[in-house]
Amino acid sequence: MTITARAMLVLACLAIAGTVARAQVQSDLDPRIVQLVNGVSEERLAAILQKLESFGTRNTMSTTDSPTRGIGAARQWIFDEMKSFSPRLQVSFDTYRIAKQGRITRDVEARNVMAVMPGRSTRRIYISGHYDTVAISGGQNARNAGETQTTTFADPDSTAPGVNDDGSGVALTMELARLFSTSGVDFDATLVFMCHVAEEQGLMGAKLHAQKAAKEHIVIDAVLNSDIVGGERGGNGVIDGASIRVYSEGPEDSASRELARYVQRWGMRYVPSHRVRLMSRSDRFARGGDHTAYNQYGFAAVGFRESRENFARQHDPRDTFDGVSPPYLAQNARVNAAVAAALALAPRAPVIVNEKGQPTINRAPSGYDAHLQWQPSPGASAYRIFWREAWGPDWQHEMLVGNVTDTTLPNTLIDDLVFGVAAVDGAGHESLVSVYIAPRSTAVTDGEVKTVPQPAAR
Ligand SMILES: [Zn+2]
């Protein structure tokens, strides 16, 4: 070996040693995600809210003739604004004709405004809100207090500023569109920044889009929907600026529940000053939001809701800028940024069912062990196993295993514990957890009980 070759070998060894040393001290947090989180601007959020308020109303049936007032002016402004952020964003109107029906009081052209930022793969992650507004006689307060038996909607061109409902979700979505598209980060997933329309008429904008996505077999891994996320002061005087509620539909190991757990785990790692409060129901009592439209077409979707609501300012001309808190909205935007970036950089969740849809978990080899198998996820360099007692909502234990596709926990009863597995890449980005769901028992007429596979989380 020449001296030069030996020197190069030494250098190579040092380089490997350096890599190992760095890997050992590597943080759980990706500095690029930290930068995205830190980039959220209260000032920009406030400016968007005030601009949205200036349209007077954004009612789905309001005028499209004015350049300054009504839904036509509002949607064009959102479109132009998102287009101006970066050439990485493909901005379009996602347009539908809706005939007069129910709360749709005339034939109308409904346009969601969507900005797509393509990733290395076509699987999608949505960040969303709804830009339409509504005013009801007496507002949501009257509805909650039972003062009105039937809802009377105000004239569509009357004032409905909707700064919180849902200017807040739209401002969050637009701010993240700007941050992500100018970050220079290459994401694995395709990010979609979606401003829905006609939410107030039965989630129609979201439903039509979700229906189309399901029909076209578009893979949507997660929908993060923020609706009324700008206020920290409850109408009853209670103030909480340090938490956000996240609603998800069951059952307990549905894909949406797993997404909710991910929001809490990664949102609070990147934004520890903000508590994510998970709610094991699809939404607030007898109220709804666009994430439910995605659930109805089989997609994982969760709804973010402010910590305390002021019902007097919802669906009411009093839903104005002075009723929201840009610093609080910014915290909610940071949680969304952390979760969306972490998900979009991570590999896809492992497939944990066989071709028949049965979970690949058994008691081998002793008959009393937990033996978990999964299919490799592209881009993964390790897997993390999670488990908890079968009566409880949160993961209690986790263990990183190497780049393998099965693992055995000796003398561990799969009957008493729920197991899941996530894919982890070399930089520590963790996927959603795929959960081994027990087959459902179905009684048959001859008195025997048969089991059928549950639809898996993925
Ligand atoms: Zn809303």
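These lines cover the structure that appears in this document, whether it is placed above or below. The structure displayed is predicted, hence computed values, not measured ones.

Rules used in this analysis
Residues numbered from 1 in each chain as written. Predicted model: local features only at pLDDT ≥ 70, side-chain atom pairs only at ≥ 80, totals over all residues. Heavy atoms only, no water. Donors = N, O, S within 2.8 Å, 3.2 Å for Na, K, Ca; no water. Tetrahedral: all angles 85-135°; square planar, octahedral: opposite > 155°, others 65-115°. Phe/Tyr/Trp six-rings, centres within 6.5 Å; stacked < 30°, edge-to-face > 60°. Buried < 20%, exposed > 50% of the residue type's maximum accessible area, 1.4 Å probe, protein only. Lys NZ or Arg CZ within 6 Å of the ring centre and 35° of its normal. Axes fitted to C-alpha atoms, helices over the stretch in contact; angles between N-to-C directions. Helix = DSSP H or I, 4+ residues; strand = E, 2+ residues; numbered from the N terminus. Parallel < 35°, antiparallel > 145°, perpendicular 65-115°, else oblique. Contact = heavy atoms within 4.5 Å. Left-handed = near helix turned anticlockwise from the far one by under 90°. Pairing = 2+ DSSP bridges. Right-handed = clockwise from strand over helix to strand, strands pointing away. 1 Å grid on protein atoms, 1.4 Å probe; cavity = no way out; pocket = protein on both sides within 12 Å on 5 of 7 lines; lining within 4 Å. Points joined across faces, edges and corners; volume = space filled by probe spheres on them. Nonpolar A, V, L, I, M, F, W, Y, C, P; charged D, E, K, R; others polar. Expected span 1.5 Å × (residues − 1).

### Focus on the coordination of the zinc ion
Tetrahedral coordination by four donors puts the ideal angle at the metal at 109.5 degrees, and octahedral coordination by six puts it at 90 or 180 degrees.
At step 1: Around the zinc ion, the protein contributes the donor atoms His 130 (NE2), Asp 165 (OD), Asp 227 (OD) and Asp 227 (OD), which lie 2.0 to 2.6 Å from the metal centre.
At step 2: If you look at the zinc ion, its four donor atoms make angles of 53 to 146° with each other, and the shape they trace is irregular.

### Thoughts on the packing of aromatic side chains
At step 1: Applying the stated rule across the entire model yields 11 aromatic pairs.
At step 2: On the basis of an interplanar angle of 45° and a centroid distance of 5.8 Å, the ring pair of Phe 386 and Trp 395 is categorised as tilted. Pair check on accessibility: Phe 386 and Trp 395 agree, each one buried.
At step 3: In this structure an aromatic cluster arises from ring pairing among Tyr 126, Tyr 294 and Phe 299.
At step 4: When the ring centre of Trp 395 is taken as origin, the NZ or CZ atom of Arg 261, which lies over that ring, is 5.9 Å away.

### Some points on the packing of helix H4 (residues 71-85) against helix H6 (residues 163-181)
At step 1: Put simply, H4 and H6 touch, their axes get as near as 9 Å, and they point 20° apart. Judged on the interaxial angle alone, H6 and H4 are roughly parallel. Within the contact between the two elements, H4 uses Trp 77, Ile 78, Glu 81, Met 82 and Phe 85 and H6 uses Val 170, Met 174, Ala 177, Arg 178 and Ser 181.

### Some points on the packing of H6 against helix H10 (residues 326-345)
At step 1: For the pair H6 and H10, the least separation of the axes is 10 Å and the interaxial angle reads 50°. As the angle between them shows, H6 and H10 are arranged oblique. Here H6 and H10 pass one another in a crossing that is right-handed. Contacts between H6 and H10 pair Ser 168, Ala 171, Leu 172, Leu 176 and Phe 180 from the former with Leu 329, Asn 332, Ala 333, Asn 336, Ala 337, Ala 340 and Ala 341 from the latter.

### Things to note about the pairing of strand S7 (residues 275-279)
At step 1: Both strand S6 (residues 243-247) and S7 contribute to a ladder of five bridges, which runs parallel. Residue pairing across strands places Tyr 247 opposite Met 279, the latter belonging to S7.
At step 2: With helix H8 (residues 255-270) bridging S6 and the parallel S7, this β-α-β connection has right-handed handedness.

### Details of the layout of surface pockets
At step 1: By volume, the second largest pocket amounts to about 370 Å³.
At step 2: At three residues, helix H5 (residues 139-144) tops the list of elements feeding residues into the lining of the second largest pocket.
At step 3: Split into classes, the residues belonging to the lining of the second largest pocket amount to seven nonpolar, five polar and eight charged.

### Focus on H4
At step 1: An ideal rise of 1.5 Å per residue puts 21 Å on 15 residues; H4 measures up with 22 Å between its terminal C-alpha atoms.
At step 2: For H4, the complete set of buried residues consists of Ile 71, Gly 72, Ala 73, Ala 74, Arg 75, Trp 77, Ile 78, Phe 79, Met 82 and Phe 85.
At step 3: Contact partners of the buried residues in H4: helix H3 (42-53), strand S1 (90-98), strand S2 (108-117), H6 and strand S4 (190-196).

### Focus on the sheet that holds strand S9 (residues 361-362)
At step 1: Pairing within the open sheet is antiparallel, and its three strands lie in the order S9-S10-S13. Looking at the sheet topology across the chains shown, the edges are occupied by S9 and strand S13 (406-409).
At step 2: Bridge analysis of strand S10 (residues 370-373) against S13 gives four bridges, and the strand direction is antiparallel. Bridge pairing links Gln 373 to Asp 406 in S13.

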